[in-house]
Amino acid sequence: MIMKKLLFILTVMVAAITVYGQNLRPALKAIGSKAPKIEESDIALKMPYQYYYFTNDIVDGDEVRRLHCYYPKTEVDVTLDLPIYDWSFMVEASWYDEANDCAYIAINSGGLEIRELTIYKITKNNSVSEEMQLDGYTPREYNGYDTSMQCSATVIDNFVEIEGFKDGLGIHELYNFDLTPVTLSDVPNVNLSRRNIGFVRINADGVNIRKAPNAKAPRLGYFYCSQCEGTDYENPQLWEDDPEGEKPFTPFHPEKGSVYWYPKSKSIIDGWHPLYEDQYVSAKFVEDVTPEPITMSRDFDRDDIYIIKQGKHAGLCIYMIEDGMDEGILYFGRIDDAGIIQFYGTCGVPHHHSGIKGLQWIDDGFYYGSDYEKPYEWGYGPLDLKKLTTKDIDLLLSKSKPVLRINMILVGFPGEEEFFYL
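What counts and how
Along each chain, the written sequence defines residue order, and numbers are assigned to residues from 1. Owing to the predicted nature of the model, reporting of local features is limited to residues with pLDDT of at least 70; listing and counting of side-chain atom pairs is limited to 80 or more, with chain, interface and lining totals taken over all residues. To obtain the side-chain values, all non-hydrogen atoms of the structure were used and water was disregarded. A helix here means a DSSP run of H or I that spans at least four residues, while a strand means a run of E at least two residues long, and both kinds are numbered starting from the N terminus. The rule is simple: take the accessible area with a 1.4 Å probe, protein chains only, and divide by the maximum for that residue type; under 20% is buried, over 50% is exposed, in between is partly exposed. We call two residues in contact when some of their heavy atoms are within 4.5 Å. With residues, only the protein chains shown are counted as cover, and all accessible areas are computed by Shrake-Rupley using a 1.4 Å probe. Strands were regarded as paired on the criterion that DSSP finds at least two bridges between them. Within 3.5 Å is the distance limit for a polar contact, defined as a pair of N or O atoms, with the added protein rule that one can donate a hydrogen and the other accept it, and that residues adjacent in sequence qualify only through two side-chain atoms. The arc in question is formed by the directions pointing from the helix axis toward the C-beta atoms. The predictor attaches a confidence to each residue, called pLDDT, with possible values from 0 through 100. Note on geometry: axes are lines fitted to C-alpha atoms, helical ones only across the stretch in contact, with angles between N-to-C directions running from 0 to 180 degrees. Only Phe, Tyr and Trp rings are paired, with Trp represented by its six-membered ring, and only when their centres lie within 6.5 Å; those with planes under 30 degrees apart are stacked, over 60 edge-to-face, the remainder tilted. Only one rule defines a salt bridge in this text: a Lys or Arg side-chain nitrogen within 4 Å of an Asp or Glu carboxyl oxygen.

(A) Highlighting the overall build of the protein. On a plain count of helices and strands, the protein comes out with two helices and 32 strands. For the protein, the residues scored as buried account for 46% of the 422 residues in total. Contacts in the protein between residues far apart in sequence, at least 24 positions, make up 49% of those at least 6 positions apart. If you sum the accessible surface of the protein, you get close to 22,300 Å²; carbon and sulfur atoms cover 50% of it.

(B) The sheet that holds strand β28 (residues 359-362), seen in detail. Spatial strand order, β27-β29-β28: three strands in an open sheet with mixed pairing. Each having just a single partner strand, β27 (351-352) and β28 make up the two edges of the open sheet. Alignment of β27 against strand β29 (residues 365-368), held across two bridges, turns out to be parallel. Directly across from His352, in β29, lies its bridge partner Tyr368.

(C) A look at the environment of Asp241. Among the structural elements, Asp241 can be located in the loop between β16 (238-239) and β17 (249-251). Given a relative accessible area of 40%, Asp241 falls into the partly exposed group. Residues Asp241 and Ala217, spaced 24 residues apart in sequence, show a C-alpha to C-alpha distance of 9.0 Å. Beyond its immediate sequence surroundings of up to four residues, Asp241 is in contact with Lys211 and Pro218. Side-chain polar atoms of Asp241 contact the side chain of Lys211, separated by 3.3 Å.

(D) Spotlight on helix α2 (residues 390-398). By the burial criterion, the buried members of α2 are Asp392, Ile393, Leu396 and Leu397. Considered in projection along α2, the buried side chains sweep an arc of 130° and stay on one side of the axis. In this structure, α2 carries Lys391 and Ser398 as exposed residues pointing more than 90 degrees from its buried face.

(E) Local environment of the confidence of the model for the protein. Of all residues in the protein, 74% attain a pLDDT of 70 or more, and the chain-wide mean is 77. Mean pLDDT per element in the protein: helix α1 (residues 2-20) is the minimum at 35, and strand β20 (residues 279-282) is the maximum at 94. With pLDDT under 50 throughout, residues 190-194 is counted as low confidence; its partners more than four residues away or in other chains account for ten contacts.

(F) Region of interest: the sheet that holds strand β18 (residues 259-263). On the basis of which strands lie adjacent, the open sheet formed by three strands has the order β18-β13-β21 and antiparallel pairing. This sheet does not close on itself; its edge strands, each paired only once, are β18 and β21 (286-289). Between one strand axis and the next, the sheet turns through 40° on average, direction left out of account. By the bridge criterion, five bridges tie strand β13 (residues 197-202) to β18 in an arrangement that is antiparallel. Residue pairing for β18: Arg201 is matched across the bridge by Val259.

(G) Expanded view of the packing of aromatic side chains. By the definition in use, this model includes 13 aromatic pairs. Measuring from centroid to centroid gives 6.4 Å for Tyr222 and Phe252, while their planes differ by 80°, and the two rings are edge-to-face. Placement of the pair is Tyr222 in strand β14 (residues 220-225) and Phe252 in the loop between β17 and β18, with a sequence separation of 30 residues. The same class applies to Tyr222 and to Phe252, which are both buried. Ring geometry for Tyr319 versus Phe343: centroids 6.0 Å apart, planes at 35°, classification tilted. Taken together, the positions of Tyr319 in strand β24 (residues 316-322) and Phe343 in strand β26 (residues 340-348) put the pair 24 residues apart, joining distant regions of the chain. Classification of Tyr319 by relative accessible area gives buried; the value is 6%. Three or more aromatic residues link up through ring pairs in this structure, and these residues are Tyr51, Tyr53 and Tyr70.

(H) Main features of the side chain of His313. Residue position: His313 is located in the loop between β23 (305-307) and β24. Residue classification places His313 among the buried residues on the basis of a relative accessible area of 8%.

(I) Here's a closer look at unusual backbone geometry. Despite not being glycine, Asp101 shows a phi value in the positive range, around 50°. One non-glycine residue with positive phi stands out, namely Asp270, at about 50°. Structurally, Asp270 can be placed in the loop between β18 and β19 (272-275). Assessed through its relative accessible area of 71%, Asp270 is described here as exposed.

(J) Representation of the pattern of salt bridges. In the structure shown here, the tally under the stated rule is four salt bridges. Note that Lys211 and Asp241 form a salt bridge whose closest N and O atoms lie 3.3 Å from each other. Residue Lys211 is located in the loop between β13 and β14, and its partner Asp241 is located in the loop between β16 and β17; the two are separated by 30 residues in the primary sequence. Under the relative-accessibility criterion, Lys211 is labelled partly exposed at 38%. Here Arg219 and Glu240 are joined by a salt bridge, their closest N and O atoms 2.8 Å apart. Here Arg219, found in the loop between β13 and β14, pairs with Glu240, found in the loop between β16 and β17; they are 21 residues apart in sequence, far enough to count as distant.

What follows is the structure in C-alpha cells.
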C-alpha cells in the first residue's frame, strides 16, 4: 500500500516539473521512512499534513543544511532541492498560504555584519523557487553601520512585514501571504488597549539588568569594538553571553529615575522584577509608578510626535525619525484612550527644497519648502509637523506603505513626557 502511494507521489512530482517550468527546482527524492529523529527547533514549518525540517548533508563534497518535507500519515520523507551552504543561517519566518496551498520560508544568512534575506516558495508538489531577496545589516555589528535597516521578515496575523535593501533602496513594507503588497485599506484596526502594561522607576545607581531572574544570569551591556579602539556605546546593547561579542564586556546601568514598562501578566520571581518582555532587575531597585496616559484631551508638545486633535484627521499621530541628513521615516497611527498608538503606515521623511513652498511630491519623493521648516541654528531646519495641512496629510497617506509591527505608548510624568516602544 505504501509503495502504491509512493509511486503516485513520484508521478505527481514529475508532472509538476512539466507544469511549473524551469524557474522551480523540483524535489530531489522521496523515500519511505519512519518519523525522523529531530529536535523541535529543527522544524522550519508545520502544515496541516506535513512539516519541513533541516538536516546535515553533503553536496559536491561540501557540508550543507538540506530542507526535507515529512508526511507523518504516509511516512514519506521528501528531500527538497534547497541546500543551504551558510551554516550561520536561521529561519527568519515561515508561513502557509492556505489560499494557494503553498508554503514560504524566509532564510537569513551571511556574515557578522552584512546579511541576506531570501524568501523561498514551496509548492504543494515540493518544488522550490526563489521569490524575493533582500540585503541588510545585522544588529550585532560593531563598525557603525546603520542597524535600523536590518533584513527581516515577521509574520503578523495574516500579513508578512518585510524590511531590508532591495536594488540599493530601503524597503519596510507589508505583504499578504502570497507576497502581494498590502494597501493601507487592507490593514485592520488593531486595538492594543487590551495590553495590561505597568511601569516601574529605577531607584538606585549601578543597577544591572539580567537576562533571567537570578543574580548569575548574563547582564545587559556593551562589548569592546576593535575598529573604534574602545567600547562603542552607540551600538546595540547585547547580553553578556553573546557568543559573537568581542571582549571585554561593559555592563549597562540605567540612570537612576529612568522608567521601564513591563507586562503585568509577568510576576515577580524570587525577588526579580520583569522589565519589558525579556529583562529582569532586582525588585529592591525599582518602585511602581502610575503615569498619566497622553490622549487627545492632554496637551502634548514634542517635535517628533504630532497628535492631530481636530478636523478630518483628528486622532491621527505622526511620528518622525529624522537623522539631520534629509533621511529618516514618518510613521502614521491612531492613538486610543490608553495613550497607545497603533502605527499602520509609513513613508520617507520629506527632503528640504529651497525652490518650492509647502509640501510637494516631486518625481519619487516628498519635498518641503522653507516655509515648512523649523528654526535651526545653521543651514535649513527639519520639517515642522505642525505646519502640515489636511491636504498635505492626505498626500502623505496616499503615498504611504502599510506596517503593523511598531507600536508605542505615550505617558506623562510630573514635568515630563515619555514614549515607549511596545
